[in-house]
Amino acid sequence: MSEIKNYTMNFGPQHPAAHGVLRLILELDGEVVEHADPHVGLLHRGTEKLAESKPYNQSIGYMDRLDYVSMMCNEHAYVRGIEQLLNIEAPIRAQYIRTMFDEITRIRNHLMWIGTHGLDLGAMALFLYAFREREHCMDMYEAVSGARMHATYYRPGGVYRDLPERMPQYAESKWTKGKNLAYVNEWREGSLLDFIEAFANDFTSKIDEYRTLLQDNRIWKQRTVGIGVVSPEQAKAWGFSGPMLRGSGVAWDLRKKQTYAAYDKVDFDIPVGVNGDCYDRYLVRMEEMVQSTRIIKQCVEWLKHNPGPVMVDEFKVAPPSREMMKEDMESMIHHFKLFTEGYTVPAGEVYAAVEAPKGEFGVYLISDDSNKPFRMKLRAPGFAHLSAMNDMVKGHMLADVVAVIGTMDIVFGEIDR
Amino acid sequence: MSNYRYKLTKELAEHFTDVQLEIEESAHGVVCTVPVESWLEVAKTLRDATIFQFDQCMDVCGVDYFTYGEAEWQTDGVSSTGFSRGVNAKGPGRFSWHERRQEAMPKRFAVVAQLLSVPHNRRLTIKCYAPDEGMLMVPSLVDIWPGVNWFEREAFDLFGIIFKGHPDLRRILTDYGFIGHPFRKDFPLIGNVEVAYDEEKERVVYQPVSIEPRVLVPKTIRRDSRYVESMNDQETS
């Protein structure tokens with residue numbers, strides 16, 4: 001018998017299962033992974049340094065581009081940090097809008113995750129189903145901000161504008177007409193809230209569809225059960241958060257424990273795993289989508305009955321309306337100062353974190369009384385998760401590396417920043 | 001969650017009697033500055049002592065305090081002809097590699113860790129300044145919280161802070177063979193080199209950066225009192 005030696009294999013950064021630009025150096029013994037060394041930073045743009053050279057509000061758009069499948073949650077962490085330093089609080093309607101859009105974002109993120117994770121492990125059909133629903137969430141983003149992905153919708157002191165009264169409809173075209181047109185416009189007769197409500201009422205049955213495809217699927221279970229097992233102690237020591245922590249049985253969710261926005265006013269449950277393997281994390285994320293739907297329904301109900309301002313009435317931070325600006329000298333000056341210099345933030349430091357779909361997304365801000373952050377550090381959940389890659393895949397087969405990458409829900413925008 | 005800060009501040013002061021801690025309690029959290037000699041010992045106690053139990057370290061980052069509090073545009077001292085005009089300071093983004101400032105500053109680099117206690121549901125920020133003399137070195141927390149491994153690598157990469165006892169202190173975010181520590185305040189925003197395709201050599205090469213430094217909005221400092229006032233209002237009410 002010939003002697004088998006360990007060999008080193010390069011995985012990525014162009015591999016489709018690398019979820020972007022992950023480069024993994026794998027040391028293999030046959031097909032068993034002995035050591036994994038992830039090389040990251042191929043998408044490093046220096047977001048934090050860029051933010052340090054710009055007034056506060058100009059960096060909100062960068063936040064969307066960090067974790068580019070859960071945009072508004074990143075914005076939420078950033079604007080909360082600024083709000084805490086400024087000592088202002090968004091009006092209650094804005095808090096509810098943020099809660100609702102955070103949960104829409106969570107659904108978007110988890111749909112993306114289930115689609116790609118399934119694709120990596122051989123469940124091809126799921127991707128198409130997941131992206132069908134994800135398109136509706138994109139339309140919600142578009143209706144409220146004008147952009148399907150990079151919304152820049154949250155602002156310190158509230159949200160950019162109130163929810164639109166009319167949901168945009170499809171126009172008749174060569175491909176969409178007659179019965180087809182009526183079908184695609186079925187939910188779009190009323191306001192955005194009506195659309196979101198129709199989506200939320202329908203979505204639980206869609207989750208059941210995904211479950212039909214996966215939950216008891218023999219191949220899916222073979223690929224995920226008992227793979228990448230993380231004990232609760234390990235999960236805490238490695239700095240895990242979000243579904244990665246809850247999958248291991250730690251009932252920790254910032255939405256409940258360190259509540260923010262309107263999460264203390266809505267009713268929802270936190271799903272927790274038992275075994276800490278890929279399958280449990282799959283179950284946790286699926287149930288999270290159900291819970292998000294619950295939260296969205298409650299927010300829609302509240303928002304329909306409680307009109308009000310969505311931005312603080314403080315022109316030092318939030319711009320006055322166009323009409324006011326054109327009639328009132330004071331407002332004109334405020335507008336000019338805000339859009340040229342920005343606002344100055346009192347000296348101090350703050351760490352603000354939100355429960356993003358992937359885990360704890362934190363922003364650490366240091367201000368020196370100026371109009372730009374002196375130091376900004378973004379705490380990306382995926383960064384901590386990926387750093388435990390070696391410990392999670394050691395002893396597993398090469399094919400399980402893909403399952404572990406998928407279960408971490410890795411997005412390189414946030415890891416490389 | 002909301003009113004833990006006062007209690008935590010008190011407990012810190014009572015528990016660490018032999019360490020010179022600077023504890024700062026604000027409306028947003030508790031920041032505890034630890035001398036670099038006691039960094040490991042304090043961190044270990046914070047993790048293990050039953051009253052603290054900070055079992056998670058969520059984040060470690062470096063901070064460069066160079067140019068802290070320096071404005072580029074003077075907003076005080078208004079004369080009869082108005083405010084000062086023009087920007088003459090070399091703030092972030094306004095200089096290139098050759099124009100970077102090279103002066104010494106005491107207590108320039110700091111390491112900041114965000115701790116989280118799951119059992120007590122509390123957060124704490126601990127900070128330590130790297131020594132001014134000799135090596136820019138801070139003990140590594142990796143033996144206390146294994147999850148900080150990459151966060152410390154990142155701080156080393158971006159700030160050049162060396163973590164003593166770190167098992168694998170390599171660059172992480174920057175390119176292979178990168179020179180300099182890009183998040184230092186004296187590192188130009190435009191960088192130093194760029195990559196381009198060389199047709200003669202038929203490969204990608206490094207060359208000096210070709211763009212000019214440019215910042216559209218000057219950094220201004222206004223210590224206006226309105227936030228302080230609103231904060232005082234809240235405290236008294």
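Only a predicted model underlies this, so the values are computations on that prediction, with no experimental measurement involved. (Residues numbered from 1 in each chain as written. Chains lettered and ligands numbered in written order. Predicted model: local features only at pLDDT ≥ 70, side-chain atom pairs only at ≥ 80, totals over all residues. Heavy atoms only, no water.)

*Asks:* I tried to follow the overall build of chain A on my own but got confused; where do I start?
*Replies:* Secondary structure assignment for chain A yields 18 helices and 8 strands. Taken over the C-alpha trace, chain A has a radius of gyration of 23 Å; the compact-globule value for 417 residues is 22 Å, and the two agree within 12%. With respect to the three principal axes, the spread of C-alpha positions in chain A is 90 × 60 × 40 Å. In chain A, of all internal contacts separated by at least 6 residues, the share reaching a separation of at least 24 is 69%. Looking at chain A as shown, the accessible area adds up to about 15,500 Å², and 53% of this sits on carbon and sulfur atoms. Computed over 48 positive and 58 negative side-chain charges, the inter-centroid distance for chain A is 3 Å. (Helix = DSSP H or I, 4+ residues; strand = E, 2+ residues; numbered from the N terminus. Rg over C-alpha atoms; globule rule 2.2 N^0.38 Å. Contact = heavy atoms within 4.5 Å. Areas by Shrake-Rupley, 256 points an atom, 1.4 Å probe, with all protein chains shown as cover. Lys, Arg positive; Asp, Glu negative; His and termini not counted. Charge placed at Lys NZ, Arg CZ, Asp CG, Glu CD.)

*Asks:* Before we go on, may I ask you to explain the sheet that holds strand β2 (residues 29–33) of chain B in this structure?
*Replies:* Pairing between the strands of a sheet comes from backbone hydrogen bonds, and it takes one of two forms, parallel or antiparallel. Residue and element names in this part refer to chain B. The strand order β1-β2-β5-β4-β3 describes an open sheet built from 5 strands, whose pairing is mixed. Looking at the sheet topology across the chains shown, the edges are occupied by β1 (22–26) and β3 (56–64). Shown here is a sheet whose adjacent strand axes are inclined to one another by a mean of 20°, direction ignored. As defined by bridge partners, strand β4 (residues 109–117) adjoins strand β5 (residues 122–129) across 8 bridges and the pair is classed as antiparallel. Each residue of the ladder has a partner; that of Leu115, found in β5, is Leu124. Its contacts with the sheet put helix α1 (residues 4–15) on β1, β2 and β5, and the angle it makes with β5 is roughly 50°. (Pairing = 2+ DSSP bridges. Axes fitted to C-alpha atoms, helices over the stretch in contact; angles between N-to-C directions.)

*Asks:* Can you walk me through the pattern of salt bridges in this structure?
*Replies:* Opposite charge on two side chains permits pairing when their charged atoms draw close. By the definition in use, this model includes 45 salt bridges over all chains. The closest approach of N and O atoms between Arg170(B) and Asp37(A), which form a salt bridge, is 3.0 Å. Taken together, the residues Arg170(B) in the loop between β7 (162–164) and β8 (193–198) and Asp37(A) in strand β3 (residues 32–39) connect one chain to another. Taking the shortest distance from any N to any O, the salt bridge between Asp55(B) and Lys236(A) comes out at 3.3 Å. With Asp55(B) in the loop between α2 (39–48) and β3 and Lys236(A) in helix α9 (residues 232–237), this residue pair bridges two chains. Judged by relative accessible area, which is 17%, Asp55(B) ranks as buried. (Salt bridge = Lys/Arg side-chain N within 4 Å of Asp/Glu carboxyl O. Buried < 20%, exposed > 50% of the residue type's maximum accessible area, 1.4 Å probe, protein only.)

*Asks:* In this structure, what is going on with the packing of helix α4 (residues 92–120) of chain A against helix α12 (residues 278–305) of chain A? I would like to understand it.
*Replies:* Two quantities define a packed helix pair, namely the angle between the helix axes and the distance between the axes. Residues and elements named next belong to chain A. For the pair α4 and α12, interaxial distance at closest approach is 9 Å and the crossing angle is 150°. On the basis of their axis angle, the class for α4 and α12 is roughly antiparallel. When the axes of α4 and α12 are compared, the crossing they make is left-handed. Partitioning the contact of α4 with α12 into residue classes produces 18 nonpolar, 4 polar and 6 charged. (Parallel < 35°, antiparallel > 145°, perpendicular 65-115°, else oblique. Left-handed = near helix turned anticlockwise from the far one by under 90°. Nonpolar A, V, L, I, M, F, W, Y, C, P; charged D, E, K, R; others polar.)

*Asks:* It is not clear to me how α2(B) should be interpreted in this structure. Could you clarify?
*Replies:* Residues that lie three or four places apart on an α-helix share one face, since the helix turns once every 3.6 residues. Along α2(B), the residues classified as buried are Trp39(B), Val42(B), Ala43(B) and Leu46(B). Here the buried residues of α2(B) occupy an arc of 100° about the axis, which is enough to place them on one side. (Arc of directions from axis to C-beta.)

*Asks:* Teacher, can you tell me more about the side chain of Arg123(B) here?
*Replies:* Summarising the element assignment, Arg123(B) is placed in strand β5. Side-chain polar atoms of Arg123(B) contact the side chain of Gln258(A), separated by 2.9 Å. Not counting chain neighbours up to four residues away, the residues in contact with Arg123(B) comprise Leu254(A), Gln258(A), Tyr351(A), Ala353(A), Glu360(A), Tyr4(B), Leu8(B), Phe54(B), Met58(B), Leu115(B) and Leu116(B). (Polar contact = N/O pair within 3.5 Å; in protein donor to acceptor, adjacent residues only side chain to side chain.)

*Asks:* Would you take a moment to explain the nonpolar core for this structure?
*Replies:* Burial of nonpolar side chains together is a common tendency in soluble globular proteins. Of all hydrophobic cores here, the largest spans 178 residues; its most connected members are Met100(A), Phe101(A), Tyr153(A), Leu163(A), Leu386(A) and Leu46(B). Here the element with the most residues in this core is α12(A); it accounts for 11 residues. When residues no more than four places from it in sequence are discounted, the contact partners of Leu46(B) are Leu12(B), Phe16(B), Phe52(B), Gln53(B), Phe54(B), Leu115(B), Leu124(B) and Ile126(B). (Core = buried A, V, L, I, M, F, W, Y, C linked by side-chain atoms within 4.5 Å.)

*Asks:* Whenever I open this one, the pairing of β2(B) confuses me. Can you help?
*Replies:* On a regular strand, one side chain projects to one face of the sheet and the next to the other, so that they alternate. Residues and elements named next belong to chain B. Within β2, 5 of the 5 residues are buried, which leaves it mostly tucked inside the rest of the structure. Alternating positions in β2 separate into two faces, Gly29, Val31 and Thr33 on one and Val30 and Cys32 on the other, with burial throughout. Sheet topology note: the β2/β5 ladder contains 3 bridges and is parallel. Paired with Cys32 across the two strands is Ile126, which belongs to β5.

*Asks:* Can you help me understand the UniProt feature "domain: NADH-quinone oxidoreductase subunit D" (unreviewed entry) in chain A in this one?
*Replies:* As annotated in UniProt, the feature "domain: NADH-quinone oxidoreductase subunit D" (unreviewed entry) corresponds to residues 120–417 of chain A in the numbering used here. End C-alpha atoms of residues 120–417 of chain A are separated by 24 Å, and the span's content is 49% helix alongside 9% strand. (UniProt positions renumbered as here; feature names shortened; annotations may be inferred.)

*Asks:* What should I look at first to understand the interface of chain B and chain A in this one?
*Replies:* It is common to give the size of an interface as the accessible area lost on bringing the parts into contact. Facing 64 residues of chain B, the contacting portion of chain A comprises 65 residues. Of the roughly 5,300 Å² buried where chain B meets chain A, counting both sides, 56% is carbon and sulfur surface. For the interface between chain B and chain A, the tally reads 10 salt bridges. One can count 32 residue pairs in polar contact (both at pLDDT 80 or more) joining chain B with chain A. For the side of chain B that touches chain A, the secondary-structure elements that each account for two or more residues are β3, β4, β5, α3 (149–159) and α4 (226–236) of chain B. For the side of chain B that touches chain A, the element with the highest residue contribution is β3(B), accounting for 9 residues. (Buried area = accessible area lost by both parts, 1.4 Å probe.)

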